[in-house]
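Observations on chain architecture
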Amino acid sequence: MAEEIIIVQGNNTLSGEVAVSGAKNSALKLIAAAILGQGASSIHNVPLISDIEVMSEVLRRLGATVTRDGHTLTVDTSAVNNHETPYELVSKMRASISVLGPLVGRFGCARVAMPGGCQIGARKIDMHLVGLEALGVEFVIDHGFLEATTPNGLRGTHVVLDFPSVGATENLLMASVVADGRTIIENAACEPEIVDLVNMLVAMGAKVTGAGTSIIEVEGVSLDALHPCEHTTVGDRIEAGTFLAGGALTGGPVTVRGIDPSYLRVALMKLQAMGCEIECGKDWITVRRSGKLVPIDIQTLPHPGFPTDLQAQFMLLAACAEGMSVITENVFENRFMFASELMRMGADITIEDHHALVRGVERLQGADVSSTDLRAGAAIVLAGIVAEGETRVHTIGHIDRGYEDYVGKLVSLGADVVRTQINDTTTL
Ligand code: UD1
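Residues numbered from 1 in each chain as written. Predicted model: local features only at pLDDT ≥ 70, side-chain atom pairs only at ≥ 80, totals over all residues. Heavy atoms only, no water.

1. Some points on the overall build of the chain
Secondary structure assignment for the chain yields 14 helices and 24 strands. Computed over the C-alpha atoms, the radius of gyration of the chain is 22 Å, within 12% of the 22 Å expected from 2.2 N^0.38 for a compact globule of 428 residues. Overall size of the chain, expressed as C-alpha extent along the three principal axes, is 65 × 45 × 40 Å. Out of the 428 residues belonging to the chain, those deemed buried represent 56%. Summed over all atoms, the accessible surface of the chain reaches about 16,000 Å², with 49% contributed by carbon and sulfur. Taken as two groups, the 31 positive and 51 negative side-chain charges of the chain have centres that lie 2 Å from each other. (Helix = DSSP H or I, 4+ residues; strand = E, 2+ residues; numbered from the N terminus. Rg over C-alpha atoms; globule rule 2.2 N^0.38 Å. Buried < 20%, exposed > 50% of the residue type's maximum accessible area, 1.4 Å probe, protein only. Areas by Shrake-Rupley, 256 points an atom, 1.4 Å probe, with all protein chains shown as cover. Lys, Arg positive; Asp, Glu negative; His and termini not counted. Charge placed at Lys NZ, Arg CZ, Asp CG, Glu CD.)

Now the structure itself:
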């Protein structure tokens, strides 16, 4: 059987400009939110990635019509008549569970397969359930499915999340917009993708304030007060951060366009602390570096802290810096799989619990490596660009989940990177 891999020629640099796609983590939830509009919503700037295809399939299984015209997705949910999301789709993509909130909001019931753990940790959904229960949702677990009902309707409530979970905040938002009365979500996630979702819900007729802060207030409206809308997805800060890491790694200059620099404040501060020069405009950022990469200490935290989704890309920078860096992962319990792949390329990394001690090396070496998850996959391709010799990246389906035309964009920045089919007798 043939396998598609990415082959990267090393000793290279990146320079030029790249346009950032719409944010994967926003667009997925915007598609789910369209359920509440009971008609045809148009979502612009939707990235061409496989996770969006999975989410579109989730909506189609519910009875929606989803059509694409370039980067615009039209999601018509007027004929939705099924409330079940099967394991086959949830196991492909955990974010499928974000239909739970809008389904109970619109129909008062939902049947969604329970997500299992995943490579980056157990990823529980207890906060989603506790919050929705406070709104009046009752759950039973039936043969691997979560069955949600609302025997007494949805009523406004005051929820304090244990942790500012992105997914729990979103599910709670999408159910509470049609609850009876006021809901307060305290310790809410503050990510730009939450603000984007709230902007779309407000365009649909919902009443929400405080998005982007840790206290969100929702004044419930009747379901009939919600209508379809047109909305443009925000730029993907993680894609932007990935290309900026590429610029920092090779010297650049690399400019990313279509991104609000305020979404990346801490990451940009860390790039400066590592010896990079940063220039920003309203919707663009340029990185360049002429001196050596300086080692750094990084802790991942909920927004506005340093994003866990850029941890692998910055571990790569640390692996090429002059000295010892410490990277602490606080959001997911098992997100250092990338380190072992990078070590195959000659990096010097010691993992101690949720800390990675990274001693910079003079040069990485090309090797056969795996893309262990979406962000690690993007980072390992960048590693190949500065390594000595050729790097062959396997299991690249992870990269396709979240990066639109990653290879094409890298080539436009001067990388020597190709996708190719190989015979699996030559794989790892
Ligand atoms: C989202 C993003 C993901 C990003 C993450 C953190 C999407 C599709 N994915 O994931 O790219 O890395 O935010 O910024 O938007 N937790 C619980 N119980 C819960 C919910 C979460 O224990 O009910 C834990 C998780 O296991 C994890 C942490 O809280 O350790 C953060 O999870 P959360 O913020 O919910 O991330 P996701 O929404 O899954």
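2. Focus on the site of the ligand
The full set close to the ligand counts 19 residues, and Asp126, Met127, Ser165, Asp309 and Val331 are the nearest of them. In the model, an oxygen atom of the ligand is placed 3.0 Å from a nitrogen or oxygen of the Asn25 side chain. Between an oxygen atom of the ligand and a main-chain N or O atom of Met127, the distance comes to 2.6 Å. In isolation the ligand exposes 750 Å². Once the protein is present, 86% of that is buried. Among the elements of the structure, helix H1 (24-33), helix H5 (126-134) and helix H6 (166-176) are those that each provide at least two residues to the shell around the ligand. Top element by residues in the shell around the ligand is H5. It accounts for 3 residues. Tallied by class, the residues present in the shell around the ligand amount to 7 nonpolar, 5 polar and 7 charged. (Near = heavy atom within 4 Å. Polar contact = N/O pair within 3.5 Å; in protein donor to acceptor, adjacent residues only side chain to side chain. Nonpolar A, V, L, I, M, F, W, Y, C, P; charged D, E, K, R; others polar.)

3. Some thoughts on the nonpolar core
Nonpolar side chains in soluble globular proteins generally cluster together in the buried interior. Judged by nonpolar contacts, the single largest core of 74 residues is most densely connected at Leu271, Met315, Leu342 and Leu410. Considering each element in turn, this core owes the most residues, 10 residues, to helix H12 (residues 374-386). In contact with Leu342, other than residues within four places in its own chain, are Met315, Leu316, Ala319, Ala347, Ile349, Leu364, Ile380 and Ala383. In terms of nonpolar packing, the next biggest core, distinct from the first, is built from 71 residues, Leu30, Met55, Leu103 and Phe145 among them. (Core = buried A, V, L, I, M, F, W, Y, C linked by side-chain atoms within 4.5 Å. Contact = heavy atoms within 4.5 Å.)

4. Some words on the environment of Val381
Relative to the helices and strands, Val381 resides in helix H12. On the basis of relative accessible area, Val381 is assigned to the buried category, the value being 0%. Separated by 25 residues in sequence, Val381 and Tyr406 place their C-alpha atoms 9.6 Å apart. Apart from the residues within four sequence positions on either side, Val381 is in contact with Ile6, Val8, Val393, Ile399, Tyr406, Leu410 and Val417.

5. As for the environment of Cys190
On the secondary structure map, Cys190 appears in the loop between strand S11 (182-186) and helix H7 (192-203). What Cys190 contacts, discounting residues up to four positions off in sequence, is Gly212, Thr213, Ser214 and His303.

6. A look at the packing of aromatic side chains
Within this structure, the stated rule accounts for 3 aromatic pairs. The interplanar angle of 50° and the centroid separation of 5.7 Å between the aromatic rings of Phe243 and Tyr406 together place this pair among those described as tilted. Of the two residues, Phe243 is situated in helix H8 (residues 237-250) and Tyr406 in helix H14 (residues 406-412); the sequence distance between them amounts to 163 residues. Both residues of the pair, Phe243 and Tyr406, count as buried. Where Phe306 meets Phe314, the ring centres are 4.9 Å apart and the plane angle is 80°; that geometry is what we call edge-to-face. Over the ring of Phe145 we find Arg111, and its NZ or CZ is 4.0 Å from the ring centre. (Phe/Tyr/Trp six-rings, centres within 6.5 Å; stacked < 30°, edge-to-face > 60°. Lys NZ or Arg CZ within 6 Å of the ring centre and 35° of its normal.)

7. Remarks on the environment of Ile259
Mapped onto the fold, Ile259 is located in the loop between strand S15 (254-257) and helix H9 (265-273). Sequence separation between Ile259 and Ile238 is 21 residues; the distance between their C-alpha atoms is 9.9 Å. Look past the residues within four positions of Ile259 in its chain and what remains in contact with it is Gly235, Asp236, Arg237, Ala240, Leu264, Lys282, Asp283, Trp284 and Ile285.

8. Points about the pattern of salt bridges
Applying the stated criterion across every chain, the model contains 22 salt bridges. Across the salt bridge formed by Glu279 and Arg288, the nearest N and O atoms sit 3.2 Å from each other. Classification of Glu279 as partly exposed rests on a relative accessible area of 41%. (Salt bridge = Lys/Arg side-chain N within 4 Å of Asp/Glu carboxyl O.)

9. Quick word on the sheet that holds strand S22 (residues 368-370)
Sheet architecture is open: 4 strands sit in the order S22-S23-S1-S24, paired in mixed fashion. Two strands in the sheet have a free side with no partner beyond their single neighbour: S22 and strand S24 (416-423). Strand-to-strand twist of the sheet, defined as the mean angle between neighbouring strand axes without regard to direction, takes the value 30°. In terms of strand pairing, S22 meets strand S23 (residues 390-394) through 3 bridges, oriented parallel. (Pairing = 2+ DSSP bridges. Axes fitted to C-alpha atoms, helices over the stretch in contact; angles between N-to-C directions.)

10. Thoughts on the side chain of Thr328
Here Thr328 is to be found in strand S19 (residues 324-328). Here His355 takes part through its side chain, which lies 2.9 Å from a polar atom of the side chain of Thr328. With residues up to four places along the chain from it excluded, the contact list for Thr328 reads Ile298, Gln299, Thr300, His354 and His355.

11. Describing the sheet that holds strand S9 (residues 145-149)
Strand order in the open sheet made by the 4 strands is S6-S7-S9-S8, with mixed pairing throughout. One side of each edge strand has no neighbouring strand; the edge strands of this open sheet are strand S6 (84-85) and strand S8 (138-142). Pairing of S8 with S9 involves 5 bridges; the strand directions are antiparallel. If you follow Ile141 over to S9, its bridge partner there is Leu146.

12. Comments concerning H9
For H9, the set of buried residues is Ala267, Leu268 and Leu271. Buried residues of H9, seen end-on, are gathered within an arc of 100° and therefore sit on one face of the element. Exposed positions of H9 whose direction lies more than 90 degrees from the buried face are Arg265 and Met269. Two residues or fewer after H9 comes Gly275, characterised by a positive phi angle close to 105°. (Arc of directions from axis to C-beta.)

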